[in-house]
Amino acid sequence: MATDIQKLIGTSEEDEDEEMEMDVKEEGDDDDEEDGEKHVDATSMIAGVDGGMPTRSSNNNRFQQHHQIQEQVGTPGGGGVRRCRPIEEKERTKLRERQRRAITARILAGLRRHGNYNLRVRADINDVIAALAREAGWVVLPDGTTFPAKSQGPRPAGVNSAAVSSQMVSPQTPASLKGVTSAYRSSGELNACNMKGVFIPSSSPYDLPSSARSQNSSIVGDGGGQTDSHPLIGGSMDNVGDKQIVDMPLKLPERDYSNTACIPVYVMLPLGVINMKCEMVDPDGLLKQLRILKSVNVDGVMVDCWWGIVEGHAPGEYNWNGYKRLFQMVCELKLKLQVVMSFHECGGNVGDDVCIPLPHWVAEIGRSNPDIFFTDREGRRNPECLSWGIDKERVLRGRTAVEVYFDCMRSFRVEFDEYFKNGNISMIQVGLGPCGELRYPSCPVKHGWRYPGIGEFQCYDLYLLKSLRKAAEARGHSFWGRGPDNAGSYNSRPHETGFFCDGGDYDSYYGRFFLNWYSRVLVDHGDRVLSLAKLAFNGTCIAAKVLNAAWDVCIPVSSENALPCHDHVSYKKILDSAKPLTDPDGRHLSSFTYLRLSPLLMERHNFMEFERFIKRMHGEAVGLQVYSN
């Protein structure tokens, strides 16, 4: 018997033992009474039979003994023994019950693992519905009474809780999942929680919208061994016994984003779309992908203009040929352009699949003067980007670092003047440090850093140390012109250091002076570069990775995902951040850039999910969404 059940529901014997513990009401209780007479349970009349899962041999004995009982019932004077249900019917009832327990166990396991639902071990379907109702913002009382959480009136009495609960899980209910712990789960991980073999009783209102409940009879009923498909749920049905098993995908409660603000969506192009010779790598393949993006109303694309490519061979000599061809292709499809002026190297960071170093002539300077790069306390150099200590030092063939950045931006502005005038270029993002971000390269993997190490200060090149000594002398304490000697190493924890521990030197007079200088160098670098960018791109929206205070000073905020995402849960988290439901001022992102165009995004299932995401970002209505394997 156990083997037959496993073939039907696809669970292991260990899973089956766990599923048998589920506190689900057995189907067949209503069948125990026929013509006003109670049936006799044959198993209760068999001495020595274990109450657990019967073995195949014990089943045979039970069949024989039950046959003898039936003969006694049929003989005159059979006395007090009433007639019994056929043993085959009872076995079918138990098979259906085990099937339902297995399905319930899978549903609960998926909700616990992927939805972070706090469900008890012996939860049943009522607990699942109650949890979904609470996620939708409703209050569910112990007796099942359900009402809106924000209701100011008296709590309803005598409400049909089953009817209310079924409405709470309908796809039209605006709701949000609050218990999701990870936004970077892959589509494969999401598929792992999709359900198969969901049993739908003929009277069940669950998992179907009200418009589809009239079609219940066409989904569930008696039948032979055929398998049918259903256009609404996108699943299939298989028969077990006299009922049908529906291959039902999981549905999650959804917030309705229709008629919300339209947030433009841009897609970041692959890092290697332009090679080191400033040529397009695969123009025909890219054109096909851009046409597909256009077909789902993507607003535009983002592309990195790498300093190491366009000014790679000699100072002041710029090659924009590959970008010219790319921009022409994009604009012919009537897509907008966001351009990143990338003054850092590509390679070695998360998501980097190509290597684009700093310009060759800069590397030559660095070999004779390595202090143009950020340096840690042990003297290790980081050639990912130039130290901010040379922002005003003419060490780059007679130019300062900020002059080099400005010259490159000005050359770009002149070369692509028509795209600015026509509005094809909607935004320029300016790289300000490692990975283009306004931060120190304090946690380089190439130097052995691993999460959650605190990293190290990067202020030990000659130019930043010179700035620190100057600041200390101006403060009147020249001996403060040094970096802290008790701040630990890359993989230290705060409590392991004398500088960052509770009551440590970070809060001393010297510590506050040093941290103020260290952060001021960062802010001043951002101010200098962005001021020159404003001068070069006058009249064009300029963006930089500085976010913390942007909302409070009414600066428009754009965003992008840090890691690739293709599943519904990740997109939902992005939507909730892009259009915060609880923001008192109704603020939202001005645009969003998706990281990044790839063959994985173009896979059918992933791209369909992406298309639905775009519609929600644009504030368009999205129909019933189902998830299938």
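As a reminder, the structure under discussion sits directly above these lines.
Predicted model, so just to flag it, every value in this text is computed and none were measured.

Going through the model one piece at a time under the given rule, you end up with 23 salt bridges. When the shortest N-O distance is used, the salt bridge between Asp507 and Arg512 registers 3.4 Å. Using a relative accessible area of 45% as the deciding quantity, one classes Asp507 as partly exposed. You can call Arg512 partly exposed: its relative accessible area is 40%.

Turning our attention to the nonpolar core. By size, the foremost hydrophobic cluster in this structure holds 105 residues, and its most contacted members are Tyr323, Phe327, Met341, Leu386, Phe412 and Phe610. Ranked by residue count, the leading element in this core is helix 16 (residues 509-536), at ten residues. Residues contacting Tyr323, with those up to four places away along its chain left out, are Ile274, Cys278, Val303, Asp304, Cys305, Trp306, Ile309, Val310 and Phe416. Membership of the second largest hydrophobic core comes to ten residues, among which are Leu111, Ala123, Val128 and Ala131.

Turning next to the environment of Met280. One can find Met280 in the loop between strand 9 (265-268) and helix 9 (283-295). Overall, Met280 belongs to the buried group, its relative accessible area being 10%. A C-alpha to C-alpha distance of 7.8 Å links Met280 and Tyr323, two positions 43 residues apart in sequence.

Before going further, it helps to spend a moment on a nonpolar patch on the surface. Residues Phe500, Tyr506 and Leu515 make up a contiguous nonpolar surface patch of about 220 Å² in total accessible area. Relative to the helices and strands, Tyr506 resides in the loop between helix 15 (462-475) and helix 16. For Tyr506, a relative accessible area of 33% corresponds to the partly exposed category.

Once that is clear, we can look at the packing of aromatic side chains. Scanning the model with the defined rule gives 40 aromatic pairs in all. For the cation-ring pair, Arg482 lies above Tyr510, with the distance from its terminal atom to the ring centre recorded as 4.6 Å. Between Arg512 and the ring centre of Tyr509, over which it is positioned, the NZ or CZ distance is 5.0 Å.

On to helix 5 (residues 125-135). Within the span of helix 5, buried status applies to Val128, Ile129, Ala130, Ala131, Leu132, Ala133 and Glu135. Downstream of helix 5 by one or two residues, Gly137 has phi in the positive range, about 90 degrees.

Looking now at the environment of Arg410. In this fold, Arg410 is placed in helix 13 (residues 401-415). Residue classification places Arg410 among the partly exposed positions, given a relative accessible area of 43%. Sequence spacing of Arg410 and Ala533 is 123 residues, and the spatial spacing of their C-alpha atoms is 8.5 Å.

So, about the sheet that holds strand 10 (residues 300-306). Strand order in the open sheet formed by seven strands is 15-14-11-10-9-17-16, and the pairing between neighbours is parallel. Sheet topology places strand 15 (542-543) and strand 16 (558-560) at the edges, where each strand pairs with a single neighbour. Note: strand 9 against strand 10, three bridges, orientation parallel. Bridging across to strand 10, Met268 finds its partner in Met302.

The rules we used
Residues numbered from 1 in each chain as written. Predicted model: local features only at pLDDT ≥ 70, side-chain atom pairs only at ≥ 80, totals over all residues. Heavy atoms only, no water. Salt bridge = Lys/Arg side-chain N within 4 Å of Asp/Glu carboxyl O. Buried < 20%, exposed > 50% of the residue type's maximum accessible area, 1.4 Å probe, protein only. Core = buried A, V, L, I, M, F, W, Y, C linked by side-chain atoms within 4.5 Å. Helix = DSSP H or I, 4+ residues; strand = E, 2+ residues; numbered from the N terminus. Contact = heavy atoms within 4.5 Å. Patch = residues over 30% accessible without salt bridge, like charges linked within 9 Å, V, L, I, M, F, W, Y side chains within 5 Å. Areas by Shrake-Rupley, 256 points an atom, 1.4 Å probe, with all protein chains shown as cover. Phe/Tyr/Trp six-rings, centres within 6.5 Å; stacked < 30°, edge-to-face > 60°. Lys NZ or Arg CZ within 6 Å of the ring centre and 35° of its normal. Pairing = 2+ DSSP bridges.

By themselves, these observations are geometric and do not establish any function.
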